[in-house]
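Structural features, examined
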Amino acid sequence: MAEETENGNNLVPANDRIISINIEDQMKSAYIDYSMSVIVSRALPDARDGLKPVHRRVLYGMLDLGVTSGKPYKKSARIVGDVLGKYHPHGDSSVYDAMVRMAQDWSLRYPMVDGQGNYGSVDGDPPAAMRYTEARLKKIAEEMLSDINKDTIDYQFNFDDSLKEPTVLPTRIPTLLVNGASGIAVGMATNMAPHNLTEVIDGTIAYIDNREIEVPELMQYIKGPDFPTGALIYGYAGCQDAANTGRGRIIMRAKAEIETTKTGKEVIIVTEIPYQVNKANMIERTAELVNEKKLEGISTIRDESDRDGMRIVYEIKRDANANVVLNNLFKYTALQTSFSVNNIALVKGRPVLLNLKDMIHEFVEHRHEVVIRRTKFELLEAEKRAHILEGYLIALDHLDEVIKLIRASATPEDARLGLIEAFNLTDLQARAILDMTLRRLTGLERDKIKEEYDELMRAIEYLKSVLADEGLRMQIIKDELAEIKEKYGDERRSVIVHSAEDMTMEDFIDDEEIVITISHNSYVKRTPLSEYKTQSRGGRGSIGSSTREEDFTEHIITASAHNYLLLFTEAGRCFWLRAFEIPEGSRTSRGRALQNIINIPKDEKIKAYIKVKNLKDQEYLENNFIIMCTKKGTIKKTSLEAYSRPRANGINAININEGDQLLEANLTDGSSEIVMALRSGRAIRFNESTVRPMGRTATGVRGITLSHEQDEVVGMISVNNPDETILVVSEKGYGKRTDIEDYRVTNRGGKGVKTINVTEKTGELVAIKGVNDDEDLMIINKSGIVIRIAVSGLRVMGRATQGVRLINLKETDAIASITKVEREEDEEVIALDADGNPIIVEITEDTNNSEDIALEGPVADTDQTEESTEE
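Residues numbered from 1 in each chain as written. Predicted model: local features only at pLDDT ≥ 70, side-chain atom pairs only at ≥ 80, totals over all residues. Heavy atoms only, no water.

Stated formally: UniProt positions are given in the numbering used here, feature names are shortened, and annotations may be inferred rather than shown by experiment.
Per an unreviewed UniProt entry, the protein chain goes by DNA gyrase subunit A and derives from Rhinopithecimicrobium faecis. Note on the protein chain: under the UniProt heading Catalytic activity (unreviewed entry), the record states "ATP-dependent breakage, passage and rejoining of double-stranded DNA." Database annotation for the protein chain, UniProt heading Subcellular location (unreviewed entry): "Cytoplasm".

**Description of the packing of helix 16 (residues 443-468) against helix 17 (residues 470-488)**
Under the convention used in this document: Axis definition: a line fitted to C-alpha atoms, limited for helices to the stretch in contact. Angles are taken between N-to-C directions and run from 0 to 180 degrees. Think of it this way: any DSSP run of H or I at least four residues long counts as a helix, any run of E at least two long counts as a strand, and we number them from the N terminus. Should an angle fall under 35 degrees it is taken as roughly parallel, and over 145 as roughly antiparallel, whereas 65 to 115 is taken as roughly perpendicular and any remaining angle as oblique. In what follows, residue pairs with any heavy atoms lying within 4.5 Å of each other are defined as contacts. Following the grouping adopted for this structure description, the nonpolar residues are Ala, Val, Leu, Ile, Met, Phe, Trp, Tyr, Cys and Pro, the charged ones are Asp, Glu, Lys and Arg, and the polar ones are all others, Gly among them.
One can describe the packing of helix 16 onto helix 17 by two numbers: an axis separation of 5 Å at closest approach and a directional angle of 105°. Accordingly, the angle class assigned to the pair helix 16 and helix 17 is roughly perpendicular. Together, Tyr462, Ser465, Val466, Leu467 and Ala468 of helix 16 and Glu470, Leu472, Arg473 and Ile476 of helix 17 make up the contact between the two elements. For the contact of helix 16 with helix 17, the per-class residue count stands at 6 nonpolar, 1 polar and 2 charged.

**Observations regarding the packing of aromatic side chains**
The line we're drawing: Only Phe, Tyr and Trp rings take part, Trp by its six-membered ring, and two of them pair if their centres are within 6.5 Å. Stacked means planes under 30 degrees apart, edge-to-face means over 60, and tilted covers everything else. Here, a charge over a ring means that NZ of Lys or CZ of Arg falls within 6 Å of the ring centre while also lying within 35 degrees of the ring normal.
For the coordinates displayed, the defined rule picks out 7 aromatic pairs. Among the aromatic side chains, those forming a connected cluster through ring pairs are Tyr60, Tyr87 and Tyr155. Above the face of the Tyr73 ring, Arg136 is positioned so that its terminal group lies 4.1 Å from the ring centre. Of note, Lys164 hangs over the ring of Phe157, and the distance from its end group to the ring centre comes to 5.0 Å.

**Overview of helix 11 (residues 322-332)**
Put simply, the rule is: Relative accessible area decides the class of each residue, using a 1.4 Å probe on protein chains only: under 20% of the type maximum gives buried, over 50% gives exposed, and in between gives partly exposed. Arc definition: directions from the helix axis to the C-beta atoms.
Taken as a whole, helix 11 has its buried residues at Ala322, Val325, Leu326, Leu329 and Phe330. Along the axis of helix 11, the buried positions cluster into a sector of 140°, meaning they face one direction only.

**Topic: the environment of Pro528**
Of note, Pro528 is situated in strand 21 (residues 523-528). Between the C-alpha atoms of Pro528 and Val515, which are 13 residues apart in sequence, the distance is 6.0 Å. Filtering out sequence-adjacent residues up to four positions away, Pro528 remains in contact with Glu512, Glu513, Ile514 and Glu584.

**What about the UniProt feature "active site" (unreviewed entry) in the protein chain?**
Mapped onto the present numbering, the UniProt feature "active site" (unreviewed entry) falls on Tyr132. For Tyr132, the location among the structural elements is in the loop between strand 4 (113-116) and strand 5 (134-137). Classification of Tyr132 by relative accessible area gives exposed; the value is 53%.

**With respect to the environment of Ile626**
Position of Ile626 among the secondary structure elements: in strand 28 (residues 625-630). On the accessibility criterion, Ile626 (0% relative accessible area) is buried. Spatially, the C-alpha atoms of Ile626 and Asp669 are 8.8 Å apart, while their sequence positions differ by 43 residues.

**Here we look at the pattern of salt bridges**
Formally: We define a salt bridge as a contact between a side-chain nitrogen of Lys or Arg and a carboxyl oxygen of Asp or Glu at a distance within 4 Å.
One pass over the structure, following the stated rule, counts 50 salt bridges. With a closest N to O distance of 3.4 Å, Asp64 and Lys86 form a salt bridge. Here the residue Asp64 occupies a position in helix 2 (residues 53-65), and Lys86 occupies one in helix 3 (residues 76-86), the gap between them amounting to 22 residues. A relative accessible area of 39% means that Asp64 is categorised as partly exposed. Residue classification places Lys86 among the partly exposed positions, given a relative accessible area of 24%. Between Lys150 and Asp147 there is a salt bridge, with its nearest N and O atoms 3.8 Å apart. We classify Lys150 as partly exposed; its relative accessible area is 26%.

**Observations concerning the side chain of Glu199**
Counting through the fold element by element, Glu199 comes out in helix 7 (residues 197-209). For Glu199, a relative accessible area of 11% corresponds to the buried category. Non-local contacts of Glu199, meaning those with residues more than four positions away in its chain, are made with Tyr221, Ile222, Lys223, Gly224 and Arg492.

**Focus: the sheet that holds strand 4**
Put simply, the rule is: By the convention used here, strands pair only if DSSP detects at least 2 bridges between them.
The strand order across the open sheet built from 3 strands is 3-5-4, with neighbouring strands paired in antiparallel fashion. The outermost strands of the open sheet, each flanked by one partner alone, are strand 3 (74-75) and strand 4. Of the strand pairs in this sheet, strand 3 and strand 5 are connected by 2 bridges, and their pairing is antiparallel. Note on strand 5: the bridge partner recorded for Lys75 is Glu134.

**Overview of a nonpolar patch on the surface**
Note the cut-off: Nonpolar side chains (Val, Leu, Ile, Met, Phe, Trp, Tyr) within 5 Å and like charges within 9 Å form the patches, drawn only from residues with over 30% relative accessible area and no salt bridge. To be clear on the numbers: accessible area is Shrake-Rupley with a 1.4 Å probe, and residue cover counts the displayed protein chains and nothing else.
There is a patch of nonpolar side chains on the surface, built from Ile32, Met36 and Val40 and spanning about 240 Å² of accessible area. Structurally, the position occupied by Val40 is in helix 1 (residues 23-43). In this structure Val40 comes out as partly exposed when scored by relative accessible area, which is 30%.

**Focus on the sheet that holds strand 38 (residues 753-754)**
The antiparallel open sheet is built from 4 strands, whose spatial order is 35-32-33-38. At either margin of the open sheet sits one strand with a lone partner, and together these are strand 35 (713-719) and strand 38. Bridge analysis of strand 32 (residues 673-678) against strand 35 gives 6 bridges, and the strand direction is antiparallel. Directly across from Leu678, in strand 35, lies its bridge partner Val713.

**Considerations on the pairing of strand 36 (residues 725-730)**
Burial runs high along strand 36: 6 of the 6 residues are buried. Of the two faces of strand 36, the one carrying Thr725, Leu727 and Val729 and the one carrying Ile726, Val728 and Ser730 are both buried. One ladder, built from 5 bridges, connects strand 36 with strand 37 (residues 734-739); its direction is antiparallel. Its bridge partner lying in strand 37, Val728 is registered against Lys736. Counted between consecutive antiparallel strands, the loop separating strand 36 from strand 37 contains 3 residues, among which Gly733 sits at a positive phi close to 100°.

**Things to note about the side chain of Lys478**
Mapped onto the elements, Lys478 comes out in helix 17. With a relative accessible area of 17%, Lys478 lands in the buried category. In this view, Lys478 contacts Ile205, Ile208 and Asp209; residues no more than four positions away in its chain are not counted.

Structure below.
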C-alpha cells in the first residue's frame, strides 16, 4: 500500500522491505554470477579428472545404483531419475544426452557407459527414449571411480544439502587427454581432442621420470590426437601448435582408396570419415554439389555401410580422373574438415589454457594427492585393525582368566570395564573381545589371528615408507598406469600423414655435393660433383658444357644442395638462391637462364657468389663478414647479418663508382688476411682488420693501386690457414703455387709485389686462389673444355717464376675461370674430346721429373726461375 507525500504527488512504498537498486548494477552482478556458474559448474571440464559436473554425476550416480560392469543392465530412465533427484537439478535431457554420448564409440575414444538398445548412429539418428534403453558402467569407467571410498577426494553437498557428491573423481586414467572435451561457456569455449591411451600413458611416465621434459620430447610419445572414427590427420603443424600452446588447427581427412571394378570403372571407397562429421548429411551435401555441377566426374554415390563397418562408394565417370575427383571431394565436402583445438580446463576452479605438458602435470599432481590420501586411509584402517588384533591376542593368551572374568560379571558393561582394568586394554579392544564368537577361541583361529597381525604390521611398515618417500609414490603411480595400459591400451586409429605445408623442398632433395656452373651469358645449372673425374695436369680435359660459340662458363661453384647462394652482380646488387632451386643438368647441357630463376635485371651479370649454410643462426650472422672488391681496386667489408633477409628483387650490396664493376665477394670471420691480384701480375697482402665494417650502401676504401690505366684486379682471396698456398693462373694455361709467406704484409692501398712473371707466352694473369694439397682444381676455358687436376700435383715454387703449363690450349683459346673443389681419392683418369669420345693418354716426363698428360702440343715447360726484385 502506498501513501501520499506532503505535496500530494509522489508515492512511496509503505513497506520498508523493498530496496531501490540500480538496474544496471543488478544486471552486471546477475550476469557475472550466471557466467561463473556456467564456467565452473557446467561447460568446462576439470583438469584433474577431465569431466564436467554432469558426466561426473552420471558416473557417480551409476556407481551409487550399483550398475557396475559385472551387474545386470538397468533402465536408462531409472539412472537418469536417480541422477536428477540426487545430484543434477536440470532437465532430464541434459543427463540422458550426456550418458548417451558416453556410450557412443564414435563420440568418445574410450566410452565410459555400456549401452544396450538404440543409442543413435554416426548418421545423426537420435537415440531411443530413455524408457527403452538400458545401461551400466564399462570396466574402464570403474577405474575412474577406483578407491573413491578411501577418502581420496573431497565431497560437497548436493543442491539441497541432503547428500554429498564428489568434487572430482580419483581417476587412474588421464581422461582429459584420452577422451578430450568440448563445451561453450560464457565468453569462452573449450575443444579438446581425444588421444591414444597407450601413447598418453607412455608420455605421462616419461614426464614422471623427467619433470624438465619439454613438449617436443613428449610428442615423441604422444604423436598427436587419435580420433574415435580413425581417418587421417593431414599435416603435423597443427598437432605441434596444439601441444606447444594449447591452441591449434588440425586437418582431418577421410580414409579413401581408389579401386578399379571388374568392368574397368574407377571408384573411390571411403572407409573412415573425420571426427564429428554426420555421414548422412555429408553424402546428401555431396549429392547436391554433383547436381549443381560444382563437383564433376561422379556418376553415383552409395552408402554401403553396415554393422561390419563404414563403406561409402563414389563411382567415377569414365572420362574423369579419380585423383582429381578425390582432391575436389576433400576441397568441397566434409571428407576433409578441421578440428580447432582450444585446451581450456578448470585448474583450482579457474579456467586456464593448457598445453600438453600442463595437462599431464595436472593429472600427475592429482594422482599423487590421491595416492597420499589413499595411503593415509589404508594406514589408519590397518592400525585400527592391528589394535583390535592385539586385544584378541592378549585375550587368547589369558583365555581362562578372561572367561572367568566374563562369567563372574553381572552385565556386559561390568565385563567390559573388568577387561579394561585387568589386562590394560582400550575400550575398543574390550568391546571386540566381548563380541568374539566362541569359534575364535580354537587353536587354529589363534594362528590365523597371529598370521593376520604379522601381515598387518608388514603392511603398516610399507604404508609408512610410502608416505615418507615421494619416489616410491611416483613408482606406484607409474605401476598403476602401466597396469591400465596393459588392460585398456590399444593401437592408434588416426594415421598422421604429412601435408605439403609440413614439407619444405629440402625434405625432397638429397643434401649431396654439387657443382654449379654459371656461364658468361648467365646460364646456370647444377651437376652432381661425382660426374667430374680427376686428371693429371697438362691434360686436354673433358667437355664441360655445350655452349654457344659466344658463351662460355665463367663461374664454377662447389656447394651442398641445401646451401644458400648469395649472388652479387657487377652493378653491386645481391640476390639469394637455394642451391637445389637451380635446375639440374648433365655436364654437357647448357643450363637455364638465371633471369628465369631469380629477378636479375637482364643488363646485369653475376660476378661473385658466396655459399652460406644457414641464414637463421644469429650468432653466425653477427660474427661473419662479406668482403667485396671491385676491378678498380676498391675493397669493402660488411657484416653478413645485413644480407640475411632474402628479398625477391635483391638488395644493394655495395655502391659502385662509374666505370667500375664488382669483381669478387668472400665470406670471412674478421681475422683473415686479404690478397688481391692485378692483371699485370702484381699482388698485395694486408690484414682484414685494416678494413673497418661499413653499411650495405657504402662504396668502400682503396685496396690496391693499379699499375697502369688499363690494369685491373683479377681476383681477391681471404686467407686464415697458414698451410694454404697461393695459386695464380695466366690466360694461356700457365700456373703455379707459392707460399703465402713469400708475400710480405703491407698496408692496404699499395702497389703490391710481383706474383707471376708475365710474358707473351704466359699471357696476363686471369685468376688467383688459395689452395692446399687436399683440394682439386677445375679449370675451364672459353671453348667449354673442363679439366680437373689435383693441387698436390703442383709443387710450390718462387713468387716471381713463370710456373708450369696446367692445360694445353689451342691458339685461339684461353682460360675463362678456375675453381677449387674437395679432393676425391682413387678417381679414374679420363679425358674426352668435344664429341664426348675418350682420348688416348700419353704420359711423358719433363726435366723436373713431374708427370704430364700430353694430349696435344708441347710437353709442359720447365720452371722459369729468374727472381724479380720486390717493390
